[in-house]
Amino acid sequence: MHRRALLTGFAGGLIAAGTAPAFASAAHRVLHVRPGGSVQAAVDKVVARGGTGWTVFVHPGTYREVVNIPAQAAELTLRGATHDPRDTVIVYDNANGTQKPDGSGTYGTAGSATFTSAAPGLTVRDLTLANDWLRADHPEITGTQAVAAYVTGDRTQFTCVRLLAHQDTLFADTTALTSFDRHYYRDCYIEGDVDFVFGRARAVFEHCHFHTLDRDVAFKPEGMVFAPATARANPYGFLAVRGLVTSGAEDGAYKIARPWVPSYETTAWPSLVVRDTWLGPGIDAVTPYINMRDAYPWQTMRFREYGNSGPGAVISVPENRPQLTAPEADEHTRHTYLGDWCP
């Protein structure tokens, strides 16, 4: 595996985040971060100045840092200063098994994230969020989950965002088991290999492009796109609608999903609906779902499809591809999942 080319050549090469201050316009609650500055420093200023309703514009460049947006930064908008998410990249390279600098242990899956947010009402636009940690570079590490974005908080919206990693790219989660935090991802590009969209959130992915990487392994499947861990009390989990799934791997190398029932939350009842979506040949059309653990068979989970197309959507073994009826499909829409929130 090779490290991704994350840049589009801004100023001819890498631009590292530094300690230069962000440029502020207090009257309009706006901050600007430019190359040599720090996105985290801008977030810290937002919190120090009251925290609610700020916009942070991040100008083209690559910011090699970890960004953590706390719950106090409510209604924050973080956006690239251009309309092309490839122009502005936030990237780092921690993994689950990476040792913390202070010697207190490893980061764990959630702690490996390049971008973390617990802020309600967060909007992210026109950015690339990436974790470029590679298994091949660290054969001594067995905890190979390396998250690009770990997101909790209700009313979280990502638009035109690129999310790049390998295992566990997007951790779309909730603040607590009893919280049904709503996420909305529109026109996003998400790539990875193992369980690269996972978590407990009630999340809608509309017009999103999911891309499976060619993993350098001798076994099949190489990975899965989704691994929902929906709380049993939550009527809705992940909804992928009007998107597409492509692959850099050979035909049939990937599954659509497997259910994640965490050992710390064995009451989970994973929910996933994929509808009106083009599934490329990289998806195993005959057996598109698989168990994570045999104690929790995928057939007992809330996995359904409706109106999909493409070679990965061909129904040759109906019992392996549970479908919604037309009346049921009417209940699985963006409006139903997001309720009174209209992003």
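Scroll up to find the structure.
Residues numbered from 1 in each chain as written. Predicted model: local features only at pLDDT ≥ 70, side-chain atom pairs only at ≥ 80, totals over all residues. Heavy atoms only, no water.

Chemist: Mind showing me how you'd approach the overall build of the protein chain here?
Modeler: Of regular secondary structure, the protein chain possesses four helices and 26 strands. Since a compact globule built from 343 residues should have a radius of gyration of about 20 Å, the 20 Å found for the protein chain is in line with a globular shape. C-alpha extents for the protein chain along the principal axes are approximately 60 × 45 × 40 Å. Across the 343 residues that make up the protein chain, the buried fraction comes to 56%. (Helix = DSSP H or I, 4+ residues; strand = E, 2+ residues; numbered from the N terminus. Rg over C-alpha atoms; globule rule 2.2 N^0.38 Å. Buried < 20%, exposed > 50% of the residue type's maximum accessible area, 1.4 Å probe, protein only.)

Chemist: Is there a simple way to explain the side chain of histidine 211 in this structure?
Modeler: Checked against the element boundaries, histidine 211 lands in strand E19 (residues 209-212). The exposure class of histidine 211 is buried, given its relative accessible area of 16%. Side-chain polar atoms of histidine 211 contact the side chain of threonine 246, separated by 2.7 Å. Not counting the four nearest positions on each side in its chain, histidine 211 is found in contact with Tyr189, Ile190, Glu191, Gly192, Phe196, Thr246, Ser247 and Gly248. (Polar contact = N/O pair within 3.5 Å; in protein donor to acceptor, adjacent residues only side chain to side chain. Contact = heavy atoms within 4.5 Å.)

Chemist: How should I be thinking about the sheet that holds strand E13 (residues 162-164) in this particular structure?
Modeler: By definition, the strands of a sheet pair up through backbone hydrogen bonds, in either a parallel or an antiparallel sense. With parallel pairing, the eight strands of this open sheet are ordered in space as E4-E7-E10-E13-E16-E19-E22-E25. Each of the sheet's edge strands pairs with one partner strand only, and the pair in question is strand E4 (61-64) and strand E25 (278-279). In this structure, E13 lies alongside strand E16 (residues 189-192), joined through three bridges in parallel fashion. Each residue of the ladder has a partner; that of leucine 164, found in E16, is glutamate 191. (Pairing = 2+ DSSP bridges.)

Chemist: Help me understand unusual backbone geometry in this model?
Modeler: It is generally the case that most residues other than glycine have a negative phi and that most peptide bonds are trans. Between lysine 220 and proline 221 the backbone carries a cis peptide bond, its omega angle lying at 0 degrees. Positionally, proline 221 belongs in the loop between E19 and strand E20 (223-228). Within the chain, histidine 207 stands out as a residue other than glycine whose phi angle is a positive 55 degrees. Secondary-structure assignment places histidine 207 in the loop between strand E18 (202-206) and E19.

Chemist: Hey, could you run me through the pairing of strand E24 (residues 271-275) in this one?
Modeler: Across a regular strand the side chains alternate sides, sitting on one face of the sheet and then on the other. Counting buried positions along E24 gives five out of five residues, so the element sits mostly inside the fold. Pairing of strand E21 (residues 238-241) with E24, which is carried by four bridges, proceeds in the parallel orientation. From the neighbouring strand, alanine 240 faces E24, where its bridge partner is valine 274. With five bridges connecting them, E24 and strand E26 (residues 302-306) associate as parallel partners. If you follow serine 271 over to E26, its bridge partner there is arginine 302.

Chemist: Help me out: how do you make sense of the packing of aromatic side chains in this one?
Modeler: Aromatic ring pairs are defined here through the distance separating the ring centres and the angle between the ring planes. The tally for this structure, following the rule as stated, stands at 16 aromatic pairs. For the pair phenylalanine 115 and phenylalanine 158, a centre-to-centre distance of 6.3 Å together with 85 degrees between the ring planes defines the contact as edge-to-face. Linking phenylalanine 115 in strand E8 (residues 115-117) with phenylalanine 158 in strand E12 (residues 156-159), this pair joins segments that are 43 residues apart in sequence. We note that phenylalanine 115, like phenylalanine 158, is buried. (Phe/Tyr/Trp six-rings, centres within 6.5 Å; stacked < 30°, edge-to-face > 60°.)

Chemist: Help me understand the nonpolar core, please; the structure alone is not making it clear to me.
Modeler: By size, the foremost hydrophobic cluster in this structure holds 60 residues, and its most contacted members are Phe158, Phe210 and Phe226. With four residues, the top contributor of residues to this core is helix H1 (residues 39-48). Setting aside its immediate chain neighbours within four residues, phenylalanine 158 contacts Phe115, Leu122, Val124, Leu129, Val151, Leu163, Tyr184, Tyr185, Arg186 and Cys188. Core analysis: the next-biggest nonpolar cluster, separate from the first, contains eleven residues, Val204, Tyr236, Ala329 and Trp341 among them. (Core = buried A, V, L, I, M, F, W, Y, C linked by side-chain atoms within 4.5 Å.)

Chemist: In this structure, what is going on with the sheet that holds strand E11 (residues 149-151)? I would like to understand it.
Modeler: Read from one edge to the other, the open sheet built from seven strands follows the order E5-E8-E11-E14-E17-E20-E23, with strand pairing classed as parallel. Looking along the sheet, the strands with just one partner apiece sit at the ends: strand E5 (67-69) and strand E23 (254-257). Across this sheet, the average inter-strand angle for adjacent strands is 15 degrees, counted without regard to direction. Pairing geometry for E8 and E11, over three bridges, is parallel. Residue pairing across strands places phenylalanine 115 opposite alanine 149, the latter belonging to E11. (Axes fitted to C-alpha atoms, helices over the stretch in contact; angles between N-to-C directions.)

Chemist: What's the story with the environment of alanine 95 in this structure? I'm lost.
Modeler: With respect to the element layout, alanine 95 can be found in the loop between strand E7 (88-92) and helix H2 (108-111). Alanine 95 sits in the buried class, given a relative accessible area of 0%. Along the backbone, alanine 95 and threonine 114 are 19 residues apart, and their C-alpha atoms lie at a distance of 9.6 Å. Non-local contacts of alanine 95, meaning those with residues more than four positions away in its chain, are made with Tyr107, Gly108, Ser112, Trp133, Gly143, Gln145 and Ala146.

Chemist: Is there a simple way to explain the environment of leucine 170 in this structure?
Modeler: Within the secondary structure layout, leucine 170 lies in strand E14 (residues 170-172). Taking the relative accessible area as the measure of exposure, leucine 170 reaches 0% and is therefore buried. When near neighbours in sequence (up to four residues on either side) are disregarded, leucine 170 contacts Ala149, Val151, Leu163, Tyr185, Ile190, Phe196, Val197, Phe198 and Phe205.

Chemist: Sorry, what's going on with the environment of threonine 152 here?
Modeler: One can find threonine 152 in the loop between E11 and E12. A sequence separation of 160 residues divides threonine 152 from glycine 312, and the C-alpha atoms of the two residues are 31 Å apart. For threonine 152, the residues in contact, after removing those within four places along its chain, are Ser117, Ala118, Ala119, Asp173, Thr174, Thr175, Asp181 and His183.

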